[in-house]
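# A look at the structure
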Amino acid sequence: MANTPTTGDGTDPPGDATRPVRRGVSSARWTRRGRDGALAGRNRIRRQVEPITNLGLRRWPDKQTRPIRNLLILVVLLGPLLGLAIAVTSIPAGPTDQVLSSGPTEDGGVKIGRNEVGASVTLLNPDLARGELTARVVIQPGSDLIAGDLTLTRTIRVNVLSDVAGRIQTVFDAGSRVEPVTATLQLSGSRLTRYPVDNYLVNFKLLVQREIDPGEGQAIPDQPEFENVPIVATVQSSLSDLRASGTTHPGNESNVLNADFDLQRPRSVVVFAVALMGLAWLLALGCVALAWGVLVQAREIPVWSWGFYAGVLFALPQLRNGLPGSPPFGSIIDWAAYYWALGLVGVSLLALILAGNVAIRSVRTDSDAELEPDSDPDPDPDRGDSGPQSPA
């Protein structure tokens, strides 16, 4: 029968002397383990926080920092002013951009002869997904074709030969006024998924005819004849995401306006898109480098890395959606940067999460193994196992 410890007067010992002691592990060992665990936790937190606070850098001497500080102040103060000056001088003040002009100019516009017609063409509303562009044509007849009340003295036919919507010819009878004509032009040479290096070509062909004076003779009675009228044209562009340039060349028919337009992205848009591509790649490479240091070089996971990964993962789609022109998904810019960047960030984050779960499971397994009784436990005085029992 095991001996029960008692005091000199035969009573039970006070305090926790009667409390059972954990088998195999002494209280001293438990205290030492708790102290060592707390110290290891503090050291781990210190190793994670110190690289954030000082980044391992030393303080620069004042002689070296003064020129750099002055340069930064100049950039901060003069940068916005310089950008404003460039924008004011480079961005036109008018609502439209002048693309081309044919014929002599007068008082800021083209000079229209008595037997000529003026055509003011405005390019607007591009539908790059469908490959179409809208052209609005405003006809201004010469003095021989209109009366004092601005009505036509002869019948006029306006033919937009390059209209793909089927509205090729519009007739304005004598005694009426000329109204603007809208045509749909076909874009070629590129498509929207080639953003930001998509360039488009469009052809515009305009023919204006007037009725021949009956006094000049008709080939067939009751069927008027028409002749081509010389055109003096100006072409303007009202495209916000594209810049247009045009050239005219004579066609096989006389007095026909035949022009080709080249539509390109502005340089500022191309530079901005490329800069965002570079930023996406740098963020992705930073996430990969952080995961490499943890998984390959066995460094501890910084406490701030989880927020960093989450921020980058949600910031990349917002950068992509903020591109001017709203390119569709699957464009060149996606295959060149954003798909790869999102993939690298996502894989790095999942790898860290998996490694963290594995580490937590291994720590839990080690703790359970430490709690198992030792093969040679400490002698328990309460059980009387310190040595052989003396005979009663």
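This text goes with the structure placed above it.
Each value, and the rule that gives it
Residues numbered from 1 in each chain as written. Predicted model: local features only at pLDDT ≥ 70, side-chain atom pairs only at ≥ 80, totals over all residues. Heavy atoms only, no water. Helix = DSSP H or I, 4+ residues; strand = E, 2+ residues; numbered from the N terminus. Buried < 20%, exposed > 50% of the residue type's maximum accessible area, 1.4 Å probe, protein only. Contact = heavy atoms within 4.5 Å. Areas by Shrake-Rupley, 256 points an atom, 1.4 Å probe, with all protein chains shown as cover. Patch = residues over 30% accessible without salt bridge, like charges linked within 9 Å, V, L, I, M, F, W, Y side chains within 5 Å. Salt bridge = Lys/Arg side-chain N within 4 Å of Asp/Glu carboxyl O. Pairing = 2+ DSSP bridges. Phe/Tyr/Trp six-rings, centres within 6.5 Å; stacked < 30°, edge-to-face > 60°. Lys NZ or Arg CZ within 6 Å of the ring centre and 35° of its normal.

Glancing now at the overall build of the protein chain. For the protein chain, the helix and strand inventory stands at 5 helices and 13 strands. In the protein chain, which comprises 392 residues, the share counted as buried stands at 27%. A separation threshold of at least 6 residues defines the contact pool for the protein chain, and within that pool the share at least 24 residues apart is 62%. If you sum the accessible surface of the protein chain, you get close to 25400 Å²; carbon and sulfur atoms cover 58% of it.

Turning our eyes to something else, we now look at a nonpolar patch on the surface. A surface patch of nonpolar side chains, amounting to about 600 Å² of accessible area, comprises I73, L74, V76, L77, L78 and L81. Topologically, L81 is positioned in helix α2 (residues 62-90). By relative accessible area, L81 is classed as exposed at 55%.

Let's shift gears to unusual backbone geometry. At the junction of Y195 and P196, the peptide bond is cis and its omega measures out at 5 degrees in the coordinates. Among the secondary structure elements, P196 is positioned in the loop between β8 (181-188) and β9 (200-211). In this structure, N125 is a non-glycine residue whose phi angle is positive, near 50 degrees. Position of N125 among the secondary structure elements: in strand β4 (residues 117-127). On the accessibility criterion, N125 (55% relative accessible area) is exposed.

Counting through the fold element by element, T170 comes out in strand β7 (residues 169-172). Residue T170 is classed as partly exposed on the basis of its relative accessible area of 25%. On a C-alpha basis, the gap between T170 and V160 in space is 8.6 Å, while along the polypeptide they are 10 residues apart. In contact with T170, other than residues within four places in its own chain, are I156, R157, V158 and V181.

Relative to strand β5 (residues 132-141), β4 runs antiparallel, the two sharing 9 bridges. Residue pairing for β5: L124 is matched across the bridge by T134. Between the end of β4 and the start of β5, which pair antiparallel, lie 4 residues, with G131 showing a positive phi angle near 75 degrees. Alignment of β5 against β8, held across 6 bridges, turns out to be antiparallel. Bridge assignment links V137 to a residue of β8, and that residue is V181.

A few words now on the packing of aromatic side chains. Under the defined criterion, the tally for this structure stands at 3 aromatic pairs. Between the aromatic rings of W304 and F308, the centroid separation amounts to 6.2 Å while the plane-to-plane angle is 75 degrees, which identifies the pairing as edge-to-face. Among the residues examined, F308 registers a relative accessible area of 30% and is labelled partly exposed. Aromatic ring contacts, followed pair by pair, group W304, F308 and Y309 into a single cluster. Lying over the aromatic face of F226, R157 brings its terminal NZ or CZ to 3.9 Å of the ring centre. Stacked on the ring of F329, the Lys or Arg R320 has its end atom at 4.5 Å from the ring centre.

This part takes up the pattern of salt bridges. Scanning all chains against the criterion turns up 6 salt bridges. Among the salt bridges present, the one from D127 reaches R130, with a minimum N-O distance of 4.0 Å. Note on R130: relative accessible area 59%, which makes it exposed. A salt bridge links E132 to R130; the nearest nitrogen and oxygen atoms lie 3.8 Å apart. A single salt-bridge network, built from bridges that share partners, covers D127, R130 and E132.

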